[in-house]
Amino acid sequence: MKTLIAANWKMHGKLDWVDKPAEFRSLFRANDVVDVLICPPAHMLEIMVRACAGHGISIGAQNCHDKTSGAYTGEISAQMVADTGATYVILGHSERRAMFGDTDEVVAAKTRAALGAGIGAGLVPIVCVGESRAEREAGQAEEVVGGQLAVCLSKLGPEDADGTNLVIAYEPVWAIGTGLVPTLEDIATMHDHIRGCLTTRFGVKIADTIQILYGGSVKPANAKEILALKDVSGALIGGAALEMDSLAAIAAAVE
Ligand code: 13P
């Protein structure tokens, strides 16, 4: 399985960031083991698709609506994202869950839409899950993440998950943007648990091919040990993905 190094630019980015893919490639050469994905704000999707085409870097959105079109001011549909040439979409990020009402049920509908049910969008959803600090301290982290996965993936049929069109990102809420990271043991335990949930849901053959990313304060200094863990198949990176030298250093940490 290739390692996916995914940049979530959140609400950062100007049109002149279009030079960043070339800068990234000057720092990190394409190889057979690492896939690189950049998820810029929506206004940059199309221009970034064009800028990344020659560099083998994929582009994804940070959200989409579950409806194809309609009176949903401020929203963008999965089909619209796909029309830009983007191929991934982050869904259920904890910031969307905390600030924009993205419940597990909403994420389930968006995941379904992203995969293209009836509309042919065919995006790869990156479904984000993760516990709060209070939930971890109460010993409920695995139960919370398992519950999120069960609902978020509930609208997928056997034909939807072939392992190549679905990505899971484990992002403990308390680790995002804080500099705090779970212990390697806790990350490994959670990723193993997620693999188990996916196996229950899709069977071992498909589950074993689904990439499970870790996200939350991934930096060049800690990337190597996190990415070396057995069930960690990549990283979803916020702050350290805004500068190409640190994103390249994280990609270079893949063994
Ligand atoms: P940080 O890497 O800034 O902690 O953000 C992680 C994240 O939210 C990626 O989606």
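Description of the structure in this document. (Residues numbered from 1 in each chain as written. Predicted model: local features only at pLDDT ≥ 70, side-chain atom pairs only at ≥ 80, totals over all residues. Heavy atoms only, no water.)

As for the overall build of the protein chain
Right, so step 1: Check the secondary structure of the protein chain and you find 11 helices and eight strands.
Right, so step 2: In terms of overall size, the protein chain behaves like a compact globule, its C-alpha atoms giving a radius of gyration of 17 Å where 255 residues would be expected to give roughly 18 Å.
Right, so step 3: With respect to the principal axes defined by its C-alpha atoms, the protein chain has extents near 45 × 45 × 35 Å.
Right, so step 4: Across the 255 residues that make up the protein chain, the buried fraction comes to 53%.
Right, so step 5: A fraction of 71% describes how many contacts in the protein chain between residues 6 or more apart in sequence connect residues 24 or more apart.
Right, so step 6: Carbon and sulfur atoms provide 53% of the accessible area of the protein chain, an area that totals close to 11000 Å².
Right, so step 7: Taken as two groups, the 21 positive and 31 negative side-chain charges of the protein chain have centres that lie 3 Å from each other. (Helix = DSSP H or I, 4+ residues; strand = E, 2+ residues; numbered from the N terminus. Rg over C-alpha atoms; globule rule 2.2 N^0.38 Å. Buried < 20%, exposed > 50% of the residue type's maximum accessible area, 1.4 Å probe, protein only. Contact = heavy atoms within 4.5 Å. Areas by Shrake-Rupley, 256 points an atom, 1.4 Å probe, with all protein chains shown as cover. Lys, Arg positive; Asp, Glu negative; His and termini not counted. Charge placed at Lys NZ, Arg CZ, Asp CG, Glu CD.)

A few points about the site of the ligand
Right, so step 1: Around the ligand, 13 residues are found, and the nearest of them are Lys10, His93, Gly177, Ser217 and Gly239.
Right, so step 2: A distance of 2.9 Å is found between an oxygen atom of the ligand and a side-chain nitrogen or oxygen belonging to glutamate 171.
Right, so step 3: When the ligand sits alone it has 310 Å² of accessible area, and the protein chains cover 97% of it.
Right, so step 4: Residue classes in the shell around the ligand are distributed as four nonpolar, seven polar and two charged. (Near = heavy atom within 4 Å. Polar contact = N/O pair within 3.5 Å; in protein donor to acceptor, adjacent residues only side chain to side chain. Nonpolar A, V, L, I, M, F, W, Y, C, P; charged D, E, K, R; others polar.)

Overview of the packing of aromatic side chains
Right, so step 1: Taken as a whole and assessed by the stated rule, the structure comprises three aromatic pairs.
Right, so step 2: Note on tryptophan 9 and tryptophan 17: the rings are 4.9 Å apart at their centroids and 85° apart in plane angle, and the pair reads as edge-to-face. Exposure class is identical for tryptophan 9 and tryptophan 17. Each is buried.
Right, so step 3: Relative to phenylalanine 28, the ring of phenylalanine 24 lies with its centre 5.7 Å away and its plane at 50°, an arrangement referred to as tilted.
Right, so step 4: Residue class for phenylalanine 24 comes out buried when judged on its relative accessible area of 0%.
Right, so step 5: In this structure, lysine 20 is placed above the aromatic ring of tryptophan 17, and the distance from its NZ or CZ to the ring centre is 4.4 Å. (Phe/Tyr/Trp six-rings, centres within 6.5 Å; stacked < 30°, edge-to-face > 60°. Lys NZ or Arg CZ within 6 Å of the ring centre and 35° of its normal.)

Focus on the pattern of salt bridges
Right, so step 1: One pass over the structure, following the stated rule, counts 13 salt bridges.
Right, so step 2: With its nearest N and O atoms 3.1 Å apart, the salt bridge here joins aspartate 66 to lysine 67.
Right, so step 3: You can call aspartate 66 partly exposed: its relative accessible area is 25%.
Right, so step 4: For the salt bridge of glutamate 131 with arginine 136, the shortest nitrogen-to-oxygen distance reads 2.7 Å.
Right, so step 5: Connected through shared salt-bridge partners, Arg96, Asp102 and Lys110 make up one network. (Salt bridge = Lys/Arg side-chain N within 4 Å of Asp/Glu carboxyl O.)

A closer look at the packing of helix 10 (residues 220-227) against helix 11 (residues 244-252)
Right, so step 1: Look at helix 10 against helix 11: their axes get within 8 Å of each other, and the N-to-C directions meet at 25°. Between helix 10 and helix 11, the angle falls in the class roughly parallel. As helix 10 runs across helix 11, the sense of the crossing is right-handed. Between helix 10 and helix 11, the residues in contact are Pro220, Ala223 and Leu227 and Ser246, Ala249 and Ile250, respectively. (Axes fitted to C-alpha atoms, helices over the stretch in contact; angles between N-to-C directions. Parallel < 35°, antiparallel > 145°, perpendicular 65-115°, else oblique. Left-handed = near helix turned anticlockwise from the far one by under 90°.)

Examining unusual backbone geometry
Right, so step 1: Unlike most non-glycine residues, lysine 10 shows phi in positive territory, near 50°.
Right, so step 2: Following the sequence through the fold, lysine 10 ends up in the loop between strand 1 (3-8) and helix 1 (20-27).
Right, so step 3: A positive phi angle, close to 60°, is found at serine 217, a residue other than glycine.

Section: the pairing of strand 6 (residues 167-170)
Right, so step 1: Across the two faces of strand 6 the burial is the same, with Val167 and Ala169 and Ile168 and Tyr170 all buried.
Right, so step 2: Bridging between strand 5 (residues 124-129) and strand 6 involves four bridges; their strand directions are parallel. When the sheet's bridge partners are listed, isoleucine 126 is paired in strand 6 with valine 167.
Right, so step 3: As defined by bridge partners, strand 6 adjoins strand 7 (residues 211-215) across four bridges and the pair is classed as parallel. The residue bridging tyrosine 170 from the neighbouring strand is tyrosine 214, located in strand 7. (Pairing = 2+ DSSP bridges.)

Remarks on the environment of proline 41
Right, so step 1: With respect to the helices, strands and loops of the structure, proline 41 is situated in the loop between strand 2 (34-39) and helix 2 (45-53).
Right, so step 2: Residue proline 41 is classed as buried on the basis of its relative accessible area, which comes to 11%.
Right, so step 3: Considered as a pair, proline 41 and glycine 56 are 15 residues apart in the sequence and their alpha carbons are 19 Å apart.
Right, so step 4: Not counting residues within four places of it along the chain, the set of residues in contact with proline 41 comprises Trp9, Lys10, His12 and Gln62.

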